[in-house]
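# Close look at the chain arrangement
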Amino acid sequence: MRGIVLLLTLFFMGTGAIKGSEELIRITIVYDNELCSESDGLIRDWGFSCLIKYNRKNILFDTGGNGKILLENMKLLNIDPRSVSAVFLSHAHGDHTGGLASFLRENHNVSVYIPKAFPDRIKKEITHLGANLLQIGRDPQQIGEGVYSTGELGEWIKEQSLILDTPRGSIVITGCAHPGIVKIAERAMKITGKKILLLIGGFHLCGIRKSEITHIALHLKKLGVINVAPTHCSGEKARLIFKEIFGKNYIPAGLGITIRGDKL
């Protein structure tokens, strides 16, 4: 299988969920340290990036840690960097922003959405390379039709997550979930007023005790999260626990996998 793709039906005007949008949602994981069995030569590396496709529009969520690897994986997945319309960066750590400059040299005709707390050097790099810089503060913000940022969450590490509002629930994409995966899920549900159809990305649970991970997984299930796809910094222990608790609603995720909204 190739890339995690969730077909969306985006772009940047209007409000509310898009009717029948699940069948139009795709997410493709193009950069990850977790490798799927059928990788088609994709290069595994510590970091995260996924391509979100929505109504013939593409959003790149994070850029991994290495631009050469990002672009090579995109090439292997038949993704043209010039087809991307927007870049959404979750937080400033290098394993999520390291590929940004290389990507912008291939395509600077994009809007780049970043938390306001990003270092000035990254902001200057974005504008220097010709992209449109858009900064997100602590308040949730709509950036497209049915597409939202949670706004900056966390104290020491400021991070935003992406929300896709669909008729059957929201799809929430996280980079590393430094502010806490439960806190992110609760913020997303408050924004849309709906349960979470899919929670996908880094859950930041490496090195966490089994009892604590179990508590987190059960809490998310109690909140009404339907499908989960932990990857990147989630850790093998967490993946096994989430698989046990969510059963058939656990989705193995990593570099080289594809998830479609109409299959959830």
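Summarised in this report is the structure supplied together with it. Source: prediction; values computed, not measured.

Quick look at helix 5 (residues 181-192) now. Here helix 5 spans 17 Å end to end across twelve residues, near enough to the 16 Å set by a 1.5 Å rise per residue. When helix 5 is considered as a whole, its buried residues turn out to be Ile181, Val182, Ile184, Ala185, Ala188, Met189 and Thr192. Taken around the axis of helix 5, the buried residues stretch over an arc of 160°, which confines them to a single face. Taken together, the buried residues of helix 5 touch strand 10 (162-166), strand 11 (169-174), strand 12 (196-202) and helix 6 (210-223).

With that settled, the discussion passes to the pairing of strand 12. Across the seven residues of strand 12, seven count as buried, placing the element largely inside the fold. Sheet analysis places strand 11 next to strand 12, joined by five bridges and oriented parallel. In the strand pairing of strand 12, Thr174 is matched with Gly201. Traced from strand 11 through helix 5 to strand 12, the parallel crossover comes out right-handed. Of the strand pairs in this sheet, strand 12 and strand 13 (residues 227-231) are connected by five bridges, and their pairing is parallel. Residue pairing in the sheet places Gly202 in a bridge with Thr231 of strand 13. Between the parallel elements strand 12 and strand 13, the chain passes through helix 6 in a crossover that is right-handed.

Here Thr174 lies in strand 11. Residue Thr174 is classed as buried on the basis of its relative accessible area, which comes to 0%. A polar atom in the side chain of Thr174 sits 2.8 Å from the backbone oxygen of Gly202. The residues touching Thr174, leaving out its near neighbours within four places in the chain, are Phe48, Phe61, Ser161, Ile181, Ile184, Leu199, Ile200, Gly201, Gly202 and Phe203.

Quick look at the sheet that holds strand 10 now. Overall, mixed pairing links the six strands, which are arranged 8-9-10-11-12-13 in an open sheet. Single-partner strands in this sheet number two, and they are strand 8 (141-144) and strand 13. On average, each strand axis in the sheet is tilted by 20° relative to the strand beside it, whichever way the strands run. Two strands pair when backbone bridges link them, and strand 9 (residues 147-149) and strand 10 are joined in this way by three bridges, in the antiparallel orientation. Residue pairing across strands places Ser149 opposite Leu162, the latter belonging to strand 10. Here helix 5 sits on the sheet and contacts strand 9, strand 10, strand 11 and strand 12; the angle it forms with strand 11, its principal contact strand, is near 140°.

All right, on to the side chain of Ser90 then. Considering the arrangement of structural elements, one finds Ser90 in the loop between strand 5 (84-88) and helix 2 (94-97). One polar contact links Ser90 to His91, side chain to side chain, over a distance of 2.8 Å. Excluding residues that lie within four positions of it along the chain, Ser90 makes contacts with Phe61, Asp62, His96, Pro115, Lys158, Glu159, Gln160 and Gly175.

Evaluated as defined, the whole model comprises five salt bridges. When salt bridges with common partners are traced through the structure, they connect Glu34, Glu236 and Arg239 into a single cluster.

This part takes up unusual backbone geometry. The phi dihedral of Asn78 falls on the positive side, at around 60°, and the residue is not glycine. By the element assignment, Asn78 lies in the loop between helix 1 (67-76) and strand 5. Accessibility expressed as a relative area gives 67% for Asn78, which makes it exposed. Backbone geometry at His204 places phi at a positive 55°, although glycine is not the residue there. Within the secondary structure layout, His204 lies in the loop between strand 12 and helix 6.

Contact pair helix 5 / helix 6: the axes reach a minimum separation of 10 Å and the direction vectors enclose 10°. The angle between the axes of helix 5 and helix 6 places the two elements in the roughly parallel class. Facing Ile181, Val182, Ala185, Glu186 and Met189 of helix 5, the residues of helix 6 in contact are Ile216, His219, Leu220 and Leu223. Classifying every residue of the contact of helix 5 with helix 6 by side-chain character gives seven nonpolar, one polar and one charged.

The rules we used
Residues numbered from 1 in each chain as written. Predicted model: local features only at pLDDT ≥ 70, side-chain atom pairs only at ≥ 80, totals over all residues. Heavy atoms only, no water. Helix = DSSP H or I, 4+ residues; strand = E, 2+ residues; numbered from the N terminus. Expected span 1.5 Å × (residues − 1). Buried < 20%, exposed > 50% of the residue type's maximum accessible area, 1.4 Å probe, protein only. Arc of directions from axis to C-beta. Contact = heavy atoms within 4.5 Å. Pairing = 2+ DSSP bridges. Right-handed = clockwise from strand over helix to strand, strands pointing away. Polar contact = N/O pair within 3.5 Å; in protein donor to acceptor, adjacent residues only side chain to side chain. Axes fitted to C-alpha atoms, helices over the stretch in contact; angles between N-to-C directions. Salt bridge = Lys/Arg side-chain N within 4 Å of Asp/Glu carboxyl O. Parallel < 35°, antiparallel > 145°, perpendicular 65-115°, else oblique. Nonpolar A, V, L, I, M, F, W, Y, C, P; charged D, E, K, R; others polar.

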